[in-house]
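Single-letter residue listing:
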2 protein chains.
Amino acid sequence: MKRIYMFGEGTKEQKNLLGGKGANLSEMKTMGVPVPAGYTITTDMCVEYYKNGSKNSKELLADIREYTAKLEKETGKEFGSSTDPLLVSVRSGARVSMPGMMDTVLNLGLTDVAVEAMIEKTGNPKFVWDIYRRFIHMFGEVVQGVEYDLFAAVLDDLKEAKGYDSDLLLNAEDWKVVSKAYLAIVAKATGAPFPQDPFTQLEMAVNAVFESWYSDRANIYRDHNGIDHTWGTAVNVQQMVFGNTGEDSGTGVLFTRNPKTGEKEIFGEFLFNAQGEDIVAGIRTPLKLDELNVQNPKLYKELADILDNLEAHYKDMQDIEFTIEDGILYILQTRNGKRTAAAGVKVAVDMVAEGLLTKEEAVASIDVFALDQLLHPVFNEVALANAEYVTEGLAASPGAASGKIVFSSERAASLKEETGEKLLLFRKETSPEDIEGMIVCEGFVTQLGGMTSHAAVVARGMGKCCVSGCGALQINEEEGYMIINGKKYPELTPFSIDGTTGKLYAGTIKTKAASFSEDFQTILKWSKEIKFLGVKANADNERDSLTALSFGAEGIGLCRTEHMFFDDTRITDVRRFIIANDLAERELALEKLLPHQLKDFTEIFNAMDGKTVCIRLLDPPLHEFLPQADEVDEVAAKLDITPDRLHRALETLHEFNPMLGHRGCRLGVSYPELSVMQTKAIIVAAINVTKAGKVVKPEIMVPLISTIKELTYLTEFIKETADALIAEAGIKLEYKVGTMVETPRAALIGEQVGANADFISFGTNDLTQMTFGFSRDDAGKFLKDYKAKNILDSDPFAAVDQTGVGQLVKLATKSVQKVNKDIVVGVCGEHGGEPTSIEFFHNTGLDYVSCSPYRIPVAIVSAAQAQLKNRR
Amino acid sequence: MKRIYMFGEGTKEQKNLLGGKGANLSEMKTMGVPVPAGYTITTDMCVEYYKNGSKNSKELLADIREYTAKLEKETGKEFGSSTDPLLVSVRSGARVSMPGMMDTVLNLGLTDVAVEAMIEKTGNPKFVWDIYRRFIHMFGEVVQGVEYDLFAAVLDDLKEAKGYDSDLLLNAEDWKVVSKAYLAIVAKATGAPFPQDPFTQLEMAVNAVFESWYSDRANIYRDHNGIDHTWGTAVNVQQMVFGNTGEDSGTGVLFTRNPKTGEKEIFGEFLFNAQGEDIVAGIRTPLKLDELNVQNPKLYKELADILDNLEAHYKDMQDIEFTIEDGILYILQTRNGKRTAAAGVKVAVDMVAEGLLTKEEAVASIDVFALDQLLHPVFNEVALANAEYVTEGLAASPGAASGKIVFSSERAASLKEETGEKLLLFRKETSPEDIEGMIVCEGFVTQLGGMTSHAAVVARGMGKCCVSGCGALQINEEEGYMIINGKKYPELTPFSIDGTTGKLYAGTIKTKAASFSEDFQTILKWSKEIKFLGVKANADNERDSLTALSFGAEGIGLCRTEHMFFDDTRITDVRRFIIANDLAERELALEKLLPHQLKDFTEIFNAMDGKTVCIRLLDPPLHEFLPQADEVDEVAAKLDITPDRLHRALETLHEFNPMLGHRGCRLGVSYPELSVMQTKAIIVAAINVTKAGKVVKPEIMVPLISTIKELTYLTEFIKETADALIAEAGIKLEYKVGTMVETPRAALIGEQVGANADFISFGTNDLTQMTFGFSRDDAGKFLKDYKAKNILDSDPFAAVDQTGVGQLVKLATKSVQKVNKDIVVGVCGEHGGEPTSIEFFHNTGLDYVSCSPYRIPVAIVSAAQAQLKNRR
């Protein structure tokens, strides 16, 4: 078993064994990049350390001696030497970066003897005593657990005594005094003299790094970031190089490209005669990298060549630390650089132009989770830093907006007309009747509801921002104010909401507009060429259809017909249908609705010329269309019935668990005439649009089946109606009939479904609700506790639960495809626009995903990345 | 391919091929029982008939000739003979009896020639002309489709002309006139003379029988009884024998034992010189069978011997038709006799004593679906026949009761105390607060709710009858009346309800008490010896536990703790817990509840000495414990808080879909202190009862998990609490921790569950709700349409849905058993007491079922029958 790797012995692929830092140092060494010499103790050794009861094996200790000897040989220096002592840094390095979470020791190897030798060698006693006192402090605190305050007090006392107001004023003698005092502090605190044997120092430091893997902050960080606790950290032991040995030295950090814009330019900061921490500390103002070019063009050229080399090698923009010691350049670290979404897109496209990346590699490099930044407005960072945070809820629809708060949709509509001001709608929850208000507002906040509540779904469809499930809200609609954490905010208070983070702020915050750049378009074009999955949109009207098309939708995967029913021009006839006493009355009401639906579908078919449009028959329970109790009198008058009769209808239709009640295909089974009317509207619209010269591909979808007979019963009505109309029209029109798979049972009877449907579409919202037994409208309350107690890794309404819900999706897909080779399988739940879910659906063998129009670009790139990971 | 079987060529096992009647006739022939000769055309020929486009193949027609020749040879008679003509009956006979649904032709073979020959041979022209006119009428109507009225008119005219007031008065000449007139009618109606070739008659009759398989009434009957439409019918062609040739002849029907009581006695009716239809017609009063013994002891002895022979052969009580022609006994049909539940039990036990059956065969012979009759009161049949039917709902809990109607539980309680009268509770729905009223009433009817609604579950637990989901009810509680189909019934109107059929009657109906006889006890004893599955009870208190034990329960499979929370002495502290502001307030409330729960569990453990008791932690959503809106002021006063605060709590806890809301283990995750308190109560009670010398086997069940971490999170609290208490007590006490599998996801993560639970129990009520997406409280509305439109074969809340829900049960059982060989797997949903479900659970590999106490006997016998069908 190889316990230690000299830099150069490993490769960048060995991150699991060597940690990210160690693997990259090895890689760079092999590439010929000037890296200070060193070695990496593997992560396996950390695991072994804990297995042994927090002890390193004799074998490892022997290997450390052996590899240190190699290091001495490579550097020509020697541990504890009285002429040319070797100093090293000892740093942690896990598989993934955990910045600041684990321990580091610098300047290790310094002893009383080594200090004298260094002074002799450098002729710079101030520098040497300075690094000695730094080392004693760091080692004492990090490795030996001596309190920080003890060290700080000594320094403060001395500065006070001498009248210094800055560390920069201390001279060599001062630092020597401090060093000696520090040695005494450690001796007193630990009951033993400060270790003067470099190997003892080294072994202690390695243990300290291993120990820091399970430090509280590291544990919390891993919990928070979903990092496996069992991985362990590697330890990198590396020769020290110093940027502060004189004006010929220096240190800097840089990105190989501009991380905000993606422009190809070296972007970084630099200081002569300084250490890394001086740049961070901000005491001296760092220089732009250009200054290095002015002062030392040769060295700048050397650096620039190395950067090109590293970019070409890593095929990505790099984030680099470097040091110049006495005119010699060392690269201390390289890693892929973090960047804004816009920069990520530009870098990827540019690198293809530069021949560094293939199109596939460019697409694979995109951080899909960040793309939302480009599709929606975001708050200006500086303004945001100064904003007054109030509370937060669920990040239900991305984007940022400021505006004056209102608490009812009518109020929003009238205010907008009067003043034209930007408004934000705050509601306990929204219902389809709020549509008018939602159209005029910039964004929505609801007290109740989750990621798939009405407000969330509508917001995503409109591309507006939304924060849902914001439990701290107490809204008093009548009196026009809300209370959050005891503070009252009256109507028209300026507020800002961020649907990407779920956070709410008081006051107005400057926003940056969305940037659907040409580079982004290029990435989308390439992604489309690569991807296997179809990407369709959930859209219910002409406007959303056009938006979807502009983003690249290949069809409509879900057209919900209920949204059409709430329109003022129709709701009365919908209600007439609901309160009808018999079939004749119902058919009369449906006859009036028919022309409206016909118009809806005609517009959508026109917009979607040549592309599939999948229309779901009416889904929600009928009581959703009836008025609230306080509007009964008014509505009854409109319907020309007694309020009593309407009250009775409300009572009869009341359900304890509407989610599991009389809805979906169950409505069609009870009232086939409703499905017949909708079929008529769809097919007649399709016939008319076809006659007008366009290509219409209608798909009729039966919702919420749990038994096969529900599907076959309604399919008979649908086909009979459609075939008669098509025959009468005398044209050729193909249509499909399929079903949603959104109850667990529908997924369990896949073979029956496959044999009776032209297509299926997973409704993963409802499927998630029923598989978990979580109501999306109520789960907010306990999911908070679940997150706090680490019961759920992620919100199953945001990313599809692959273990449970996914198992049903897999099972059903396999079964329907087994019996019906031509069947088309899609998904139209909210998960259809979420990257990890899209990868799962790709791997599961689905044909397409469907999502809100504004998610289409994310879905397209995600689908391409899924194909690149796992070719279908 | 053998198309036709002579009687004697087949066996009783060949019902699928020969039909029930044909198979038994063949069997009897082989046994040596005197059966008129004949043959059976197989059901395959019926299937082929339809495959050929409603035509018989040439091969079959040839075979009919061949087998008719065999029949002629066997009988010594000949088709169409002018000396000794062969007459036959042509009857349908499907796999299962479809009485009266298909066609029959008697006396076939009669022609003008044959009539003369018969007169010559019998010297009885009246008899011969009578059967000729019967044949022409039957053949004309059944085979040729001539209208009944045409025949009836001729007979009526003749009777009127002659002044006869009965058919019995017609003489030979009259019948001859009628016969000739009938021939003319057929000739006119069909445009061709009545067929005078017996083979033509036979072929036409066979076709008619085949055609009648798909007659409207047969189709409807099969739909209604779940009989496969593709089976087809066999056709039996059999020599005619006549019981009406003189005083030496006769006909009768009998059971080999008394079908009402099960007593061993020949039980039947008999007429000399008569045909079968004369017994049914009721014109003449039939004689008891004893009379045959008096008049012809030799023949009676012959008959009795045959009966013994048949009973021994069929190992069951027989239902037999016989005919005596000129002193010769013929058995026309035998089949297992229908009987009452009580008779079924007695016959089975007696037959074991008589050595006819083994205990296993006796248990297998029991009709478990009828056993409810013995466990609950039933209406007197005669009284029921005269009762005034009003409406019906779901048969939610078996039994029958009469009483005066009341509409609120308080009213019931106070009326009962005042008058002591029998009462029936009619409610829109019941909730745990109705318990007091439910205790004093004889039975319950609810407008809403299904087979597993609160009313239904409580009723079954109490052994009272209940009709739920009775949609026609409109109850006005305030004004004290209800309206059903427009008729008003004020409070205290006498009513009767039948929970076995779901029917409601106005007025009082006499009831017969339950008869839990000694024979029934014997069957239960044998069943227990045979069965593999454990049978436990769902019981929440001492009373139910004792009832369950008296019926043979082997433990408690589900003790619901929420019922204990509603008691007046506790509800206030429960509410204090709910409205608490913080942990300290919650713990204060829980401390007060602890002694109550301790008492509950102590009583149950005492009663269940030595048997397992599985206690489910609190399951329902908390708002169920809060008052209705109109009681807020009063309750707030009791709690010493403002009504406003209580209103806020109500609002905060309101859920859109409580079934999928904050309940089950989700409460425990939010408030682990609640689970800790319940664990304390369980374990302290167990310790105390153990110390008192009894054996306690507590099982703690975590409800409604959908992720494994919910279980592991709560198990940690439970074990920590329990282990500390047991250690402190210094005794040995073993307890188990397990979980309900009632969400689809819990069933899908079986391996994780198996690795973390000592036992699992399927909650098939909730599992059914979530798998179908049916709310049990709301499904009543649309399941009615589903039944009417034949979408669902059966109510999935009554018998477990083996295709969907069952698939999850199978999957989970296999997974948990794979990873945990010691795991105990049970079911505690209502399906645990339903015979077809029990067989499924047995076959699936479960260890036990748990059901309401009053279902225990049914479950025990069902479990034994499952084991006999499929040994484990």
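Residues numbered from 1 in each chain as written. Chains lettered and ligands numbered in written order. Predicted model: local features only at pLDDT ≥ 70, side-chain atom pairs only at ≥ 80, totals over all residues. Heavy atoms only, no water.

Draft legend 1. Fine view of the nonpolar core. Formed by 264 residues in total, the largest nonpolar core has its most connected members in Phe605, Ile683 and Phe762 of chain A together with Phe605, Ile683 and Phe762 of chain B. Once residues lying within four places of it in the same chain are set aside, the contact partners of isoleucine 683 of chain B are Ile700, Ala722, Leu725, Ile726, Leu733 and Tyr735 of chain B. (Core = buried A, V, L, I, M, F, W, Y, C linked by side-chain atoms within 4.5 Å. Buried < 20%, exposed > 50% of the residue type's maximum accessible area, 1.4 Å probe, protein only. Contact = heavy atoms within 4.5 Å.)

Draft legend 2. Examining unusual backbone geometry more closely. The backbone of leucine 704 of chain A shows a phi angle near 60°, a positive value even though the residue is not glycine. Tracing the backbone shows leucine 704 of chain A in the loop between strand E27 (697-702) and helix H29 (708-729). Phi at asparagine 790 of chain B is positive, roughly 65°, even though this residue is not glycine. Accessibility expressed as a relative area gives 37% for asparagine 790 of chain B, which makes it partly exposed. (Helix = DSSP H or I, 4+ residues; strand = E, 2+ residues; numbered from the N terminus.)

Draft legend 3. View of a negative patch on the surface. Taken together, the side chains of Glu410, Glu433, Glu436, Asp567 and Asp568 of chain A make up a negatively charged region of the molecular surface. Mapped onto the fold, aspartate 568 of chain A is located in helix H23 (residues 568-579). (Patch = residues over 30% accessible without salt bridge, like charges linked within 9 Å, V, L, I, M, F, W, Y side chains within 5 Å. Areas by Shrake-Rupley, 256 points an atom, 1.4 Å probe, with all protein chains shown as cover. Salt bridge = Lys/Arg side-chain N within 4 Å of Asp/Glu carboxyl O. Lys, Arg positive; Asp, Glu negative; His and termini not counted. Charge placed at Lys NZ, Arg CZ, Asp CG, Glu CD.)

Draft legend 4. Main features of the sheet that holds strand E19 (residues 481-484) of chain B. Residues and elements named next belong to chain B. Pairing within the open sheet is antiparallel, and its three strands lie in the order E18-E19-E20. With one partner strand each, in any of the chains shown, strand E18 (473-476) and strand E20 (487-490) form the two edges of the open sheet. The sheet shows a mean angle of 25° between the axes of neighbouring strands, taken without regard to direction. Pairing of E18 with E19 involves four bridges; the strand directions are antiparallel. Bridge assignment links leucine 473 to a residue of E19, and that residue is isoleucine 484. (Pairing = 2+ DSSP bridges. Axes fitted to C-alpha atoms, helices over the stretch in contact; angles between N-to-C directions.)

Draft legend 5. Structural context of the relation of the copies chain A and chain B. When chain A is fitted to chain B, the best match, at an RMSD of 0.2 Å, comes from turning it 180° and sliding it 0.1 Å along the axis. Expressed as an axis order, the relation between the two copies is that of a two-fold axis. With an isologous cut-off of 70% or more, the 100% of interface residues of chain A that recur at the interface of chain B puts this contact in the isologous class. (Least-squares fit on C-alpha atoms with pLDDT ≥ 70 in both.)

Draft legend 6. Region of the structure containing the packing of helix H2 (residues 43-51) of chain A against helix H8 (residues 198-212) of chain A. Residue and element names in this part refer to chain A. As a packed pair, H2 and H8 sit with axes 10 Å apart at the nearest point and diverge in direction by 85°. Of the possible angle classes, the one that applies to H2 and H8 is roughly perpendicular. Between H2 and H8, the contacting residues are Met45, Cys46, Tyr49 and Tyr50 on the first element and Asn207, Phe210 and Glu211 on the second. A per-class count over the contact of H2 with H8 returns five nonpolar, one polar and one charged. (Parallel < 35°, antiparallel > 145°, perpendicular 65-115°, else oblique. Nonpolar A, V, L, I, M, F, W, Y, C, P; charged D, E, K, R; others polar.)

Draft legend 7. Representation of the interface of chain A and chain B within the structure. Taken together, the contacts link 56 residues of chain A with 56 residues of chain B. Between chain A and chain B lies a buried interface of about 4800 Å² when both sides are counted; carbon and sulfur atoms form 55% of it. In this assembly, chain A and chain B are joined by six salt bridges. With its nearest N and O atoms 3.2 Å apart, the salt bridge here joins glutamate 651 of chain B to lysine 428 of chain A. Linking chain A with chain B are 32 residue pairs in polar contact (both at pLDDT 80 or more), by the criterion used here. Of all elements in the fold, only helix H26 (643-653), helix H27 (665-670), H29, helix H30 (744-748), helix H32 (764-772), helix H33 (779-788) and helix H34 (805-819) of chain A reach the threshold of two or more residues within the side of chain A that touches chain B. For the side of chain A that touches chain B, the residue count by class is 22 nonpolar, 18 polar and 16 charged. (Buried area = accessible area lost by both parts, 1.4 Å probe. Polar contact = N/O pair within 3.5 Å; in protein donor to acceptor, adjacent residues only side chain to side chain.)

Draft legend 8. The arrangement of helix H20 (residues 518-530) of chain A in detail. Residues and elements named next belong to chain A. With 13 residues, H20 should cover 18 Å at 1.5 Å per step; its first-to-last C-alpha distance of 19 Å lies within 8% of that length. Among all positions in H20, only Phe520, Ile523, Leu524, Trp526, Ser527 and Ile530 are buried. For H20, the angular spread of the buried residues around the axis is 165°, confining them to a single face. Facing away from the buried side of H20, by more than 90 degrees, are the exposed residues Glu518 and Glu529. For H20, the elements touching its buried residues are helix H13 (341-353), helix H14 (359-365), helix H15 (372-375) and helix H36 (856-869). (Expected span 1.5 Å × (residues − 1). Arc of directions from axis to C-beta.)

Draft legend 9. Spotlight on the sheet that holds strand E8 (residues 287-288) of chain A. Residue and element names in this part refer to chain A. The strand order across the open sheet built from five strands is E8-E7-E6-E9-E10, with neighbouring strands paired in antiparallel fashion. A single partner strand is all that each edge strand has here, and the edge strands are E8 and strand E10 (328-336). As judged from the six bridges shared by strand E6 (residues 250-255) and strand E7 (residues 267-272), these two strands associate in the antiparallel manner. Across the sheet, the residue bridging to phenylalanine 255 is phenylalanine 267, located in E7.

Draft legend 10. Layout of the environment of aspartate 777 of chain B. With respect to the helices, strands and loops of the structure, aspartate 777 of chain B is situated in the loop between helix H32 (764-772) and helix H33 (779-788). C-alpha separation for the pair aspartate 777 of chain B and glycine 450 of chain B, spaced 327 residues apart in sequence, amounts to 5.9 Å. If sequence neighbours within four positions are ignored, aspartate 777 of chain B has contacts with Phe656 and Asn657 of chain A together with Gly449, Ser453 and Met659 of chain B.

Draft legend 11. Seen up close, the pattern of salt bridges. Considering all chains together, one arrives at 94 salt bridges over all chains under this definition. Close ionic contact of glutamate 673 of chain A with arginine 586 of chain A constitutes a salt bridge, the shortest N to O distance being 2.5 Å. In this pair, glutamate 673 of chain A is assigned in helix H28 (residues 672-691) and arginine 586 of chain A in helix H24 (residues 583-607), connecting sequence segments 87 residues apart. Notably, a salt bridge pairs arginine 570 of chain B with aspartate 600 of chain B, separated by 2.6 Å at the nearest N-O pair. Taken as a pair, arginine 570 of chain B in helix H23 (residues 568-579) and aspartate 600 of chain B in helix H24 (residues 583-607) lie far apart in primary sequence, 30 residues in all.

Draft legend 12. How the structure looks around the confidence of the model for chain A. Across chain A, the average pLDDT comes to 93, with 100% of residues at 70 or higher. Under the prediction, the complex receives an ipTM of 0.85, its pTM being 0.86. (pLDDT = per-residue confidence, 0-100.)

Draft legend 13. A look at the environment of leucine 868 of chain B. Residues and elements named next belong to chain B. Take leucine 868: it is sitting in helix H36 (residues 856-869). Measuring from C-alpha to C-alpha, the distance between leucine 868 and aspartate 633 comes to 60 Å, with 235 residues separating the pair along the chain. With sequence-adjacent residues up to four places away left out, leucine 868 is seen in contact with Glu360, Val363, Ala364 and Ile530.

Draft legend 14. Quick peek at the packing of aromatic side chains. All names here are of chain A. By the definition in use, this model includes 59 aromatic pairs over all chains. With centroids separated by 4.6 Å and ring planes inclined at 90°, the aromatic side chains of phenylalanine 270 and phenylalanine 272 adopt a geometry described as edge-to-face. Judged by its relative accessible area of 14%, phenylalanine 272 is buried. Measuring from centroid to centroid gives 5.2 Å for tyrosine 713 and phenylalanine 717, while their planes differ by 65°, and the two rings are edge-to-face. With tyrosine 713 and phenylalanine 717 both in helix H29, this residue pair falls four residues apart, about one helical turn. What links up through ring pairs into an aromatic cluster is the set Tyr49, Tyr50, Phe210, Trp213 and Tyr214. Sitting over the ring of phenylalanine 199, arginine 65 keeps its end group 4.1 Å from the ring centre. (Phe/Tyr/Trp six-rings, centres within 6.5 Å; stacked < 30°, edge-to-face > 60°. Lys NZ or Arg CZ within 6 Å of the ring centre and 35° of its normal.)

Draft legend 15. Looking closely at the pairing of strand E29 (residues 759-762) of chain B. Residue and element names in this part refer to chain B. The alternating pattern of E29 places Phe759 and Ser761 on one face and Ile760 and Phe762 on the opposite face, and all of these are buried. As judged from the three bridges shared by strand E28 (residues 736-741) and E29, these two strands associate in the parallel manner. Paired with valine 741 across the bridge in E29 is phenylalanine 762. Bridge count between E29 and strand E30 (residues 824-827): four bridges; the pairing is parallel. Looking at E30, one finds that phenylalanine 759 is bridged to valine 824.

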